Amino acid sequence: QVQLMESGGGLVQPGGSLRLSCEVSGSLFSLSVMSWYRQAPGKERELVASITGSDPSTYAEPVKGRFTISRDNAKNAVYLQMNSLKPEDTAVYYCHRALWGVSTWGQGTQVTVSS
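What counts, and at which threshold
Residues numbered from 1 in each chain as written. Predicted model: local features only at pLDDT ≥ 70, side-chain atom pairs only at ≥ 80, totals over all residues. Heavy atoms only, no water. Helix = DSSP H or I, 4+ residues; strand = E, 2+ residues; numbered from the N terminus. Contact = heavy atoms within 4.5 Å. Disulfide = S-S within 2.5 Å. Buried < 20%, exposed > 50% of the residue type's maximum accessible area, 1.4 Å probe, protein only.

Tracing the backbone through its elements, the reader meets Y37 in strand β4 (residues 33-39). Each C-alpha atom, one on Y37 and one on G26, is 21 Å from the other, the two residues being eleven residues apart in sequence. The contact partners of Y37, leaving out residues within four places of it in the chain, are R45, E46, L47, V48, V92, Y93, Y94, H96 and W105.

Okay, here's the thing in structure tokens:
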């Protein structure tokens, strides 16, 4: 059974940086589409960034130029580098894997941007 484990969340001041990590158990990681989503209180879950094995990464408009998604297939891991954080980035961030129509979620990690 595939499991996703996020880490790296926390409290940061506006303008600061955080790096989220997601470790994925199981095989065929390199074939997976990996994504980060987030859900703020009272809002729907939204896609933040996605990365495949070959295509360019994609980003939601609010995070373009500030966030960078990357992956390390040797470590079965995906990362989200978040710079110039804003209070509106406060949310629970979820790692997501899609492979052959099967969708798997992590448990989420809280990111709070506040002074």
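What follows deals with the state of the cysteines. Going through the model one piece at a time under the given rule, you end up with one disulfide. One disulfide in the model links C22 with C95; its S-S distance is 2.1 Å. Judged by the sign of its S-S torsion, about -85 degrees, the bond between C22 and C95 is left-handed. Highlighted residues: C22 in strand β3 (residues 18-24) and C95 in strand β9 (residues 91-99), separated in sequence by 73 residues. A relative accessible area of 0% places C95 in the buried class.

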